[in-house]
Amino acid sequence: MNARPNIVLVHGAWADGSCWSGVIERLQADGYHVTAPQFPLTALADDVARLRQVLDLQDGPAIVAGHSWAGQVMTALGADTANVAGLVYIAAFALDQGESLGALLSRGPVTPALAHLVTDTRGFSWLSEDDFVHHFAAHVDPVQARVMYAVQQPLAASTFADVMGVPAWKTLPSWYLVATDDEAIPPAAERQFAQRMGATTVEIPSSHLPMVSHPGDLAQLIETAAEAVPATS
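Criteria and cut-off values
- Per-chain numbering applies: the sequence of each chain, read as written, is numbered from 1 onward.
- Per-residue local features are limited, in this predicted model, to residues with pLDDT of at least 70; the limit for side-chain atom pairs, both in listing and counting, is 80 or more; totals at the level of whole chains, interfaces and linings are taken over all residues.
- Hydrogens are left out, water is left out, and the side-chain values use all remaining heavy atoms of the structure.
- Throughout this description, the term salt bridge denotes a Lys or Arg side-chain nitrogen within 4 Å of a carboxyl oxygen of Asp or Glu.
- Numbering of helices and strands runs from the N terminus; a helix is a DSSP stretch of H or I covering at least four residues, while a strand is a stretch of E covering at least two.
- Relative accessible area decides the class of each residue, using a 1.4 Å probe on protein chains only: under 20% of the type maximum gives buried, over 50% gives exposed, and in between gives partly exposed.
- This arc describes the spread of directions from the helix axis toward the C-beta atoms.
- Residue contacts are counted whenever heavy atoms from the two residues lie within 4.5 Å of one another.
- Strand pairing follows a simple DSSP-based rule, namely that at least 2 bridges must link the two strands.

Asks: Explain the pattern of salt bridges to me, using residue names and the numbers behind them.
Replies: Considering all chains together, one arrives at four salt bridges under this definition. Measuring nitrogen to oxygen at the nearest pair gives 3.7 Å for the salt bridge that ties Asp96 to Lys170. Linking Asp96 in the loop between strand 4 (84-90) and helix 4 (101-105) with Lys170 in the loop between strand 7 (155-156) and strand 8 (174-179), this pair joins segments that are 74 residues apart in sequence. Overall, the relative accessible area of 19% leaves Asp96 in the buried class. Arg191 is the partner of Glu203 in a salt bridge, and the nearest nitrogen-oxygen pair spans 2.7 Å. Placement of the pair is Glu203 in strand 9 (residues 200-204) and Arg191 in helix 7 (residues 187-197), with a sequence separation of 12 residues.

Asks: Break down helix 7 for me, citing the residues and quoting the values.
Replies: Because each turn of an α-helix spans 3.6 residues, side chains separated by three or four positions end up pointing in the same direction. Among the residues making up helix 7, those that are buried are Pro187, Ala189, Glu190, Phe193, Ala194 and Met197. Buried residues in helix 7, looked at end-on, bunch into an arc of 160°, giving them a common side. With respect to the buried face of helix 7, the exposed residues turned more than 90 degrees away are Gln192 and Gln195. Those residues of helix 7 that are buried lie in contact with strand 4, helix 4, strand 8 and strand 9. Residue Gly198 follows helix 7 closely and has a positive phi angle near 70°.

Asks: How would you sum up the sheet that holds strand 6 (residues 124-126)? Please name residues and give values.
Replies: Pairing is antiparallel in the open sheet, where three strands are placed in the order 5-6-7. Only two strands of the sheet have a single partner each, and these edge strands are strand 5 (118-119) and strand 7.

Asks: Mind laying out helix 1 (residues 21-29), listing which residues take part and the relevant values?
Replies: Buried residues of helix 1: Gly22, Val23, Ile24 and Leu27, and no others. Each element contacted by the buried residues of helix 1 is listed here: strand 1 (6-10), strand 2 (34-35), helix 8 (210-213) and helix 9 (215-228). Phi turns positive one or two residues past the end of helix 1, at Gly31, with a value near 95°.

Here it is as C-alpha cells:
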C-alpha cells in the first residue's frame, strides 16, 4: 500500500478522461498513482457505480477530484465512502440533500456555455460548437477546444431531475477550486457551494476547464489535499 493516497480523477459532462492529461502528467511526475477513467454519463447511478468500481481497485485510500458534473457523482457517494480520503471539487456542482441539478439551474438565467444545449431523440444533451469553443472552453487554445468539442460525451438529460441524497461532503474533508471566469457554472454559485461545504477554497482566473488551461494549479491543489489527509502504510 502506498504511503500517500491515490488520486482518482472524474471528468464532467461533454468531456472525457483525457481532459485531465496535463494534471495527470504532473501528479505522476511527483510520484502519485493516478486513475482517470471514462464515465458513461448515462445516469447519475451509472456514474456513481463506475466511481465505486474504480475505488474498489485502489490499493488504499484515494483523493477523488471531480470537475463540473463530476461534483454530482462524488457527492452522491453519500455516507458509503470506503477508500475515499478527501474530495476536491473543480468548478463543480456540490448539491445538498433534496436538491436537484435542474431546480438549481432554473434559479438563474441560462449561462452562455449552455445557451444552445440540444437534446437528441435518445434523451442526451449536447453542446453546440460555438458555445463549447467560445464559452465552455473559453481559455483553452481554440484548436484544442475544437478537438475537445469533437470528442464530447453527451449527458443524459434525465440527470437534471435526480434528487441528491445525503452528500458525501458532509463527512469528508473537501477542497474547492473556483474558476472566476466560468461561463458554465456562475462563479458566485461555486463560492456558495464551497462556503456551505466548509471547503478549503482557492480561486484562479479560468474558464470552465481549468484542468486544461491551468493544469499546474489543479495538480498543486490536489497534492495539497493529498498531503493534508493522514498517511497510510
